[in-house]
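Observations on the three-dimensional arrangement
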Protein chains: 2
Amino acid sequence: MKKTVLIFGLLILAVFALFRLSTYYYTRTDIRAELVIASVALVFFLIGIYLNKRSMQRKVKVSGGIDRQKIGELGLSNREYEVLVEITKGLSNKEIGEKLFVSESTVKTHVSNVLLKLQARRRTQAIQIAKELQII
Amino acid sequence: MKKTVLIFGLLILAVFALFRLSTYYYTRTDIRAELVIASVALVFFLIGIYLNKRSMQRKVKVSGGIDRQKIGELGLSNREYEVLVEITKGLSNKEIGEKLFVSESTVKTHVSNVLLKLQARRRTQAIQIAKELQII
DNA sequence: AGCTTTTTGGTACTTAGGTATGAGGATGGG
DNA sequence: CCCATCCTCATACCTAAGTACCAAAAAGCT
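Rules behind the numbers
- Residues numbered from 1 in each chain as written.
- Chains lettered and ligands numbered in written order.
- Predicted model: local features only at pLDDT ≥ 70, side-chain atom pairs only at ≥ 80, totals over all residues.
- Heavy atoms only, no water.
- Helix = DSSP H or I, 4+ residues; strand = E, 2+ residues; numbered from the N terminus.
- Buried < 20%, exposed > 50% of the residue type's maximum accessible area, 1.4 Å probe, protein only.
- Contact = heavy atoms within 4.5 Å.
- Areas by Shrake-Rupley, 256 points an atom, 1.4 Å probe, with all protein chains shown as cover.
- Near = heavy atom within 4 Å.
- Polar contact = N/O pair within 3.5 Å; in protein donor to acceptor, adjacent residues only side chain to side chain.
- Nonpolar A, V, L, I, M, F, W, Y, C, P; charged D, E, K, R; others polar.
- Buried area = accessible area lost by both parts, 1.4 Å probe.
- Salt bridge = Lys/Arg side-chain N within 4 Å of Asp/Glu carboxyl O.

1. Description of the overall build of chain A
In terms of regular secondary structure, chain A is built from 7 helices and 0 strands. Taken from the N to the C terminus, the helices and strands of chain A come in the order α-α-α-α-α-α-α. A burial count over chain A gives 32% of its 136 residues as buried. Looking at chain A alone, contacts between residues at least 24 apart form 56% of all its contacts between residues at least 6 apart. By element, 61% of the accessible surface of chain A is carried by carbon and sulfur atoms, the whole surface being about 8,900 Å².

2. Some remarks on the protein's contact with DNA strand D
Around DNA strand D, the surrounding shell holds 18 residues, and the nearest of these are A:Ser77, A:Ser103, B:Lys108, B:Ser112 and B:Arg123. The sugar-phosphate share of atoms of DNA strand D within 4 Å of the protein amounts to 68%. Residue A:Thr109 places a side-chain N or O atom 3.4 Å away from a base nitrogen belonging to DNA strand D. The set of elements that each furnish at least two residues to the surface near DNA strand D consists of α4 (78-88) and α6 (104-118) of chain A together with α6 (104-118) of chain B. For the surface near DNA strand D, the residue count by class is 3 nonpolar, 10 polar and 5 charged.

3. Focus: the protein's contact with DNA strand C
The immediate surroundings of DNA strand C are formed by 18 residues, with A:Lys108, A:Ser112, A:Arg123, B:Ser77 and B:Ser103 found nearest. In DNA strand C, the atoms that sit within 4 Å of the protein are 70% sugar and phosphate, with bases accounting for the remainder. A distance of 2.6 Å is found between a phosphate oxygen of DNA strand C and a side-chain nitrogen or oxygen belonging to A:Ser112. At a separation of 3.0 Å, a phosphate oxygen of DNA strand C approaches a polar side-chain atom of B:Thr106. Counting only elements with at least two residues in the surface near DNA strand C, the list comes to α6 of chain A together with α4 (78-88) and α6 of chain B.

4. Let's talk about the side chain of A:Thr88
Summarising the element assignment, A:Thr88 is placed in helix α4. For A:Thr88, a relative accessible area of 13% puts it in the buried group. Those residues in contact with A:Thr88 that lie beyond four places of it in its chain are A:Ile127, A:Ile136 and B:Gln128.

5. Quick look at the interface of chain B and chain A
Listed as interface residues are 36 residues of chain B and, on the opposing side, 35 residues of chain A. With both sides pooled, the region where chain B packs onto chain A buries about 2,900 Å², and carbon together with sulfur makes up 70% of that total. Taken together, the links from chain B to chain A amount to 4 salt bridges. Between A:Glu95 and B:Arg122 there is a salt bridge; the shortest N-O distance is 2.8 Å. Counting across the interface, chain B meets chain A through 4 residue pairs in polar contact (both at pLDDT 80 or more). Taken together, the elements giving at least two residues each to the side of chain B that touches chain A come down to α1 (2-28), α2 (33-64), α4 and α7 (123-132) of chain B. Element by element, the count of residues in the side of chain B that touches chain A is highest for α2(B), at 16 residues. Of the residues in the side of chain B that touches chain A, the class split is 17 nonpolar, 10 polar and 9 charged.

6. Side note on unusual backbone geometry
The backbone of A:Gln119 sits at a positive phi, close to 55°, despite the residue not being glycine. Mapped onto the secondary structure, A:Gln119 falls in the loop between α6 and α7 (123-132). Unusually for a residue other than glycine, B:Phe101 sits at a positive phi of about 60°. Looking at the element boundaries, B:Phe101 is found in the loop between α5 (93-100) and α6. Assessed through its relative accessible area of 73%, B:Phe101 is described here as exposed.

Here it is, written out as structure tokens:
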């Protein structure tokens, strides 16, 4: 957040400096006015692209981020969430057990709890719901 | 594609007109030069944002589009693909049957074929693979 | 018309997924 | 220390998913 403020402050300063500079060139020198206007136009064009790209990137990050708060609201425990993640990768209960070093029974228990908390009837539905809630 | 060319052509014309207009005001009238420069800056700033937004949207569309060609390469038939889509929505075989007005047996056959063609062992894995291949 | 692919559906069987219930060990807060 | 929560695992049971094999109607193509 501090970085954002800093960048924007510097940007505004630079814009102001450019503005002063252009009027200076316009009044005090004999450089052609078209050149001044054209360069100002170019610089602001680039600034527009830059700012827009920044805001777009932020949007992508937000939409691609996972909502950790919602995981808490749903009452999903650590282990349950881990199991959910493996489910979305398409693993079977057995494979999940091997990956997390627990028995298949344990995985089944976790899966059952996950389905309950996500209000899903099948693991495929859990995948869909988890995606909608942006917790994966 | 024609629309894009048209828009860009109009844009370039508008920019050129603006440029001529600004130099005209600058040389022939007594409007303050700062105003001219500032408005040119503003316009080009907005143009920068607009163009950037357009290109971004195109990117999003490309990344969000589904690869129909790949569906053909995989040998997935119409019905099989429809079933795959319903699988990714989290429906059971029975529900898919009701939605597509066929028996559960038929759905099972289609699912089996889909798994074979996607080289998946489970429907959850099929979801994952289909996503990677950008088929859904 | 003859051929291929698709779509449909069935039976029989195996495996995976999911539920219910209980229970013991680990952890952390009051 | 006690209680709640989490994690672990097991048994028993039922349902859904998936496989194998077959078969017939429908659609497309040459």
